[in-house]
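Secondary and tertiary structure notes
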Amino acid sequence: MSLSPVAAVHAVRAAPRLRWSDVGIASMVAEIPSETWTTAAIEASIRPLYRTLGFKPGWVETVTGIQSRRMWPTGQRFLDGAVQAGARALREAGLTAADVGLVLSCSVYRDRLEPGLACEVAHALGVPGTAGNHDVANACLGFLTGMVQAANMIALGQIDVALVVTAEDARPVLEATLRTLTAPSADIHAFKGNLATLTLGSAAAAAVLVRRPPAQAGPRLIGGATRSATWHFGLCVGSAEGMQTDSVALLREGVALARDTWADTQAALEWSPATPGVVALHQVGRAHHEAIVRALNVPAERAPATYPWLGNIGSAAVPVAAALARSEGKAPPGTPIGLLGIGSGLNCLMLGMTA
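The structure contained in this document is the topic of the report that follows. Keep in mind that what you see is a predicted model, and the values were worked out from it rather than measured.

Moving on to unusual backbone geometry. Look at the link from Glu-114 to Pro-115: it is a cis peptide, with omega at -5°. Within the element layout of this structure, Pro-115 appears in the loop between strand E5 (102-105) and helix H6 (117-125). Residue Leu-346 follows Gly-345 across a cis peptide bond; omega there is -10°. The residue Leu-346 is located in the loop between strand E13 (336-343) and strand E14 (347-354) in this model. Despite not being glycine, Glu-270 has its phi angle at roughly 60°, a positive value.

This is the structure we're talking about:
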């Protein structure tokens, strides 16, 4: 008996999406910029608007829970951070650039339309010309999407080693937003529309994925699930001039999508809320973080928060949270780790790995 088109779609969606048995994660690292921008200093720069709106100093920090964020120092390109993260990831994996078969660059921010950022990263690292390279653009889901692409190519036998990198640069867009909010025409609508931009920070991350037979010990990528709610594509729209966001609707719909994706992931990986020792989440701010933790029904102490000191670092948020958890001893070898990302679109992707 054949399924109707609708039933067939539901049957496909009910099946496990992503599963790998021979993909290892040889390393995952975070690169944190040295320059700190406090929320208090940012709020001080828009004090005239605060007076007009009747806001007290500290409003943004109180609402978002973000005390500071990092920026690349003047003279250092954000892509330098991606190269530094990639070089360290290769060292920690015990590999060299000559071993790499694919380089993926997954940043939201980019300072040009072409060529792809991945080719510059590959050149800077000395990756051979026999390796492939391209950019992966999927908003804040870029890094996890890149991991999926790399894992699939490894599973298909096309490559043995992939380097996935990302670097975000919040300085240009944040400076543009501050110009908007200090203009004489700035009002409550401008403030509400640009509030999300005030949460942004900069960082870089990298991971090395390798072919690892099931019998071979070591961290590995297990699988996961993905969902979308593309009818909400207009809730968060970013450009070089800032992010226009419906924060209330974005929070509500993003949490609902994450809840459904987590349910799919549990089914695909045969996990329960108690399975992951660490859940590395996309980090937007306090309300978002706490709502996602409640929706996933995981212990709060297993979802480390980086937003208080790093802010929203886009596609780097999930790998940075995971890398820091591992380096700080929160995920001993063998610990199941969940990687949950949400990107404007709306799209959600959750992957399971072992430390």
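Here H6 has its buried residues at Leu-117, Ala-118, Val-121, Ala-122 and Leu-125. For H6, the angular spread of the buried residues around the axis is 135°, confining them to a single face. Looking at the buried residues of H6, the elements they touch are helix H5 (78-93), E5, strand E6 (132-135) and strand E7 (161-168). Downstream of H6 by one or two residues, Gly-126 has phi in the positive range, about 85°.

Mapped onto the elements of the fold, Ser-107 is located in the loop between E5 and H6. Since its relative accessible area comes to 7%, Ser-107 is described here as buried. Reaching out from Ser-107, the side chain makes a polar contact with the backbone oxygen of Ala-167 at a distance of 2.8 Å. For Ser-107, the residues in contact, after removing those within four places along its chain, are Phe-78, Val-136, Thr-166, Ala-167, Glu-168 and Ser-315.

Okay, the pattern of salt bridges next. Summed over all chains, the structure comprises 13 salt bridges. Its salt-bridge partner being Arg-211, residue Asp-22 comes within 3.9 Å of it at the nearest N-O pair. Residue Asp-22 is located in the loop between strand E1 (18-19) and strand E2 (23-31), and its partner Arg-211 is located in strand E8 (residues 203-211); the two are separated by 189 residues in the primary sequence. Accessibility expressed as a relative area gives 18% for Asp-22, which makes it buried.

Let us look at the state of the cysteines. Across all of its chains, the model carries zero disulfides by this definition. Its sulfur unpaired, Cys-106 is 12 Å from the next cysteine sulfur, which belongs to Cys-140. Its sulfur unpaired, Cys-348 is 12 Å from the next cysteine sulfur, which belongs to Cys-140. According to the relative accessible area criterion, Cys-348 is buried, its value standing at 0%.

Summed over the entire model, instances satisfying the criterion amount to six aromatic pairs. With a centroid separation of 5.6 Å and an interplanar angle of 75°, the aromatic rings of Tyr-50 and Phe-55 are classed as edge-to-face. A relative accessible area of 22% places Phe-55 in the partly exposed class. With 4.9 Å between their ring centres and 15° between their planes, Phe-55 and Trp-59 make a pair best called stacked.

Quick notes on the rules
Position labels on residues start from 1 in each chain and follow its written sequence. Residues qualify for local features only when their pLDDT is at least 70, as the model is predicted, and side-chain atom pairs are given and counted only at 80 or more; totals for whole chains, interfaces and linings, by contrast, use all residues. Values reported for side chains reflect all heavy atoms of the structure, with hydrogen atoms and water molecules removed beforehand. The way it works is that DSSP assigns letters per residue, a run of H or I at least four long becomes a helix, a run of E at least two long becomes a strand, and they are numbered from the N terminus. Throughout, exposure labels follow a simple rule: accessible area from a 1.4 Å probe, protein chains only, divided by the maximum for the residue type, with under 20% read as buried, over 50% as exposed, and the rest as partly exposed. The reported arc concerns the directions from the helix axis to the C-beta atoms and nothing else. We call two residues in contact whenever any of their non-hydrogen atoms come within 4.5 Å of each other. Nitrogen and oxygen atoms within 3.5 Å of one another constitute a polar contact, given that in protein one can donate a hydrogen and the other can accept it, and given that sequence-neighbouring residues count only through two side-chain atoms. A pairing counts as a salt bridge when a side-chain nitrogen of Lys or Arg comes within 4 Å of a carboxyl oxygen of Asp or Glu. In this description, a disulfide is simply a cysteine sulfur pair whose atoms lie within 2.5 Å. Any Phe, Tyr or Trp ring, taking Trp's six-membered ring, that has another such ring centre within 6.5 Å forms a pair; planes under 30 degrees apart are called stacked, those over 60 apart edge-to-face, and the others tilted.

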